[in-house]
Amino acid sequence: LCLQVPELEKATVRIRQPERVRGIIRSLREQGVAKLQVISDFDMTLSRFGCNGRRCPTSHNILDTSRVISEDGKKKLKDLLHYYYPIEIDPNRTLEEKCPLMVEWWTKAHELLVQQKIHKSDIAQIVRESEAMLRDGFEEFFEQLHKNNVPLFIFSAGVGDILEEIIRQANVFYSNVNVVSNYMAFSDDGVLTHFKGPLIHTYNKNNTVLQGTGYFQQLSTRTSIILLGDSMGDLTMADGVPSVENILKIGFLNDKVEERRRKYLDSYDIVLESDETLDVVNGILRYILAE
C-alpha cells in the first residue's frame with residue numbers, strides 16, 4: 001500500500017496492525033466516494049499544535065488571551081486551566097470521574113467569558129491577531145473533500161464562532177463543511193449573553209450531544225468514515241453514524257509522546273507523532289478518491 005500512499009512511510013507514522021489498516025484503506029477505496037464522510041476534531045487536529053517551538057492556541061485560548069478579556073479575567077481563566085487540564089489528561093482517572101469535572105470547567109470558563117461583554121463584531125479581528133494556524137496541507141485537504149462532495153463534519157469542544165472564523169479566514173469554509181461546537185449567543189446589540197446548549201467538552205463528543213441535529217441520519221448512506229482526532233475523547237465522534245461499514249481512525253499524538261504512545265496505538269489505527277501536517281491524511285484521501 002505504501003506504493004499507493006507513500007506518505008505512510010513518513011517517520012512520524014506509527015501503525016500497530018499494518019495489515020488491518022491496509023484492509024480498511026482498500027475497502028474505503030472500493031466502497032467509493034459516494035459512501036465516504038470525514039469526521040474530525042478541530043483544535044490540535046485540523047489546527048496546528050505548535051510552530052517554531054511555540055504552542056499554537058486552541059479556539060478557547062484565542063479568546064482567553066485576546067485583548068477583549070480583562071487582566072483579571074485572563075488570570076481566572078488561566079487558574080481554571082491549571083486546575084482542570086491535569087484532570088482532563090490524567091490516565092489514572094475514569095471517564096465517570098472526569099465528565100462532571102469537565103462540565104464544571106467549561107461552564108465556569110463560559111461564565112467568565114460572558115462577564116467580559118464580548119462583542120460579536122470583535123471576533124474576526126481577534127482571530128486575525130491570533131497565532132492560530134491550520135496544519136500544513138489544509139488547502140488540499142479541504143479542497144479534495146469539497147471537489148468530491150465528501151461531507152466534512154467538524155465536532156469540537158472549542159468555541160464554534162472562533163473556529164469557523166479561522167476556517168473562513170483561510171478561505172476553505174466550503175458548503176460541505178458542517179460544524180457542531182459551543183456557539184455564543186449575542187444580544188440584539190451584539191454582546192455575548194450566554195453559550196448555546198448543549199455543552200460539548202472533551203469527553204462527550206458522541207451521540208448524546210447530537211440528538212436532535214439529525215446530521216448523521218441525513219447521511220445514512222455514508223457508511224465509510226475517516227475519523228481524525230488528537231485525544232481519547234475524539235474516538236467516540238462517529239458514534240452517531242447509523243451503520244458504519246469501514247472506519248479508519250487517525251490520531252495526532254502531539255504531546256507527551258513517549259508516555260501516551262501505547263494508549264494511542266491501542267486506540268487509533270494510525271498514529272501521527274509530532275506531525276504538524278495533513279500529509280498522511282491527504283495521501284490516503286488521494287488514493288481513495290482517485291478515479
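Note: the structure precedes this text.
In short, a report on the structure.

Quick notes on the rules
- Think of each chain on its own: its residues are numbered from 1, step by step along the sequence as written.
- Only residues with pLDDT of at least 70 get local features here, since the model is predicted, and only at 80 or more are side-chain atom pairs given and counted; chain-wide, interface and lining totals rely on the full set of residues.
- Water and hydrogen atoms play no part in the side-chain values, which are based on all heavy atoms of the structure.
- Numbered from the N terminus, helices here are DSSP runs of H or I no shorter than four residues, and strands are runs of E no shorter than two.
- We take the radius of gyration over the C-alpha atoms and set the globule estimate at 2.2 Å times the residue count to the 0.38 power.
- Classification of residues uses two cut-offs on accessible area relative to the type maximum, computed with a 1.4 Å probe and protein chains only: under 20% is buried, over 50% is exposed, and between them is partly exposed.
- The contact criterion used is simple: two residues touch if any of their non-hydrogen atoms lie within 4.5 Å.
- Think of it this way: DSSP has to see at least two bridges between two strands before they count as a pair.
- Ring pairs are drawn from Phe, Tyr and Trp, using the six-membered ring of Trp, whenever the two centres fall within 6.5 Å, and their geometry is named by plane angle: stacked under 30 degrees, edge-to-face over 60, tilted for the rest.
- Counted as over-ring charges are cases with an Arg CZ or a Lys NZ within 6 Å of the ring centre that also lie within 35 degrees of the ring normal.
- For this analysis, a polar contact is any N or O atom pair within 3.5 Å, provided that within protein one partner can donate a hydrogen and the other can accept it, and provided that sequence-adjacent residues contribute only side-chain to side-chain pairs.
- We define a nonpolar core as any set of buried Ala, Val, Leu, Ile, Met, Phe, Trp, Tyr and Cys residues linked to one another through side-chain atoms lying within 4.5 Å.
- In this document the domain limits rely on a domain assignment from an automatic tool or a database.

1. A look at the overall build of the chain
Across its full length, the chain holds 11 helices and 11 strands. For the chain, whose C-alpha radius of gyration is 19 Å, the value lies close to the compact-globule estimate of 19 Å for 291 residues. Dimensions along the principal axes, computed over C-alpha positions, put the chain at roughly 55 × 40 × 35 Å. Counting all 291 residues of the chain, 55% fall into the buried class. Taking the contacts inside the chain whose residues are at least 6 apart along the sequence as the reference set, 72% of them involve residues at least 24 apart.

2. A word on the pairing of strand β8 (residues 192-195)
Sheet topology places strand β7 (residues 184-186) next to β8; three bridges connect them, and they run antiparallel. Residue F186 lies in a different strand from β8, and its bridge partner there is L192.

3. With respect to helix α7 (residues 160-169)
Buried residues dominate α7, accounting for eight of its 10 residues. Among all positions in α7, only G160, D161, I162, L163, E164, E165, I166 and I167 are buried. Here the buried face of α7 lies against α2 (59-64), α5 (123-129), α6 (138-147), β5 (152-159), β6 (177-182) and β7.

4. What about the packing of aromatic side chains?
The tally for this structure, following the rule as stated, stands at nine aromatic pairs. On the basis of an interplanar angle of 85 degrees and a centroid distance of 5.4 Å, the ring pair of F141 and F142 is categorised as edge-to-face. A single burial state applies to F141 and to F142, both of which are buried. When the centroid spacing of 5.3 Å and the interplanar angle of 65 degrees are considered together, the rings of Y215 and F216 count as edge-to-face. Residue Y215 shares its accessibility class with F216, and that shared class is buried. Geometry around Y287 places R29 over its ring, the cationic atom sitting 4.7 Å from the centre. Lying over the aromatic face of F252, R135 brings its terminal NZ or CZ to 4.0 Å of the ring centre.

5. What about the environment of R14?
Along the polypeptide, R14 turns up in strand β1 (residues 13-14). When sequence neighbours within four positions are dropped, the list of residues in contact with R14 reads R261, L265, D269, I270, V271 and E273. Side-chain polar atoms of R14 contact the side chain of E273, separated by 2.9 Å.

6. Side note on the nonpolar core
Among the nonpolar cores identified, the biggest contains 90 residues, and F141, F142, I226 and I284 are the most heavily contacted of them. Residue assignment places this core across two domains, with domain 1 (6-51 + 133-289) and domain 2 (54-129) each supplying three or more. Among residues more than four places away in sequence, those in contact with I284 are V5, L8, I25, I226, L248, I250 and I270.

7. A word on unusual backbone geometry
Note that the residue after G197, namely P198, is joined by a cis bond; omega there is -10 degrees. In this structure, P198 sits in the loop between β8 and α8 (207-210). Positive phi is not limited to glycine here, since N52 has a value of about 50 degrees. Along the chain, N52 falls in the loop between β3 (50-51) and β4 (54-55).

8. A look at the pairing of strand β2 (residues 36-40)
Among the five residues that make up β2, five are buried, leaving the element largely enclosed by the rest of the structure. Side chains L36, V38 and S40 project from β2 onto one buried face, and the interleaved Q37 and I39 project onto a second face that is buried too. Two strands pair when backbone bridges link them, and β2 and β5 are joined in this way by three bridges, in the parallel orientation. Bridged to S40 within β5 is I154.

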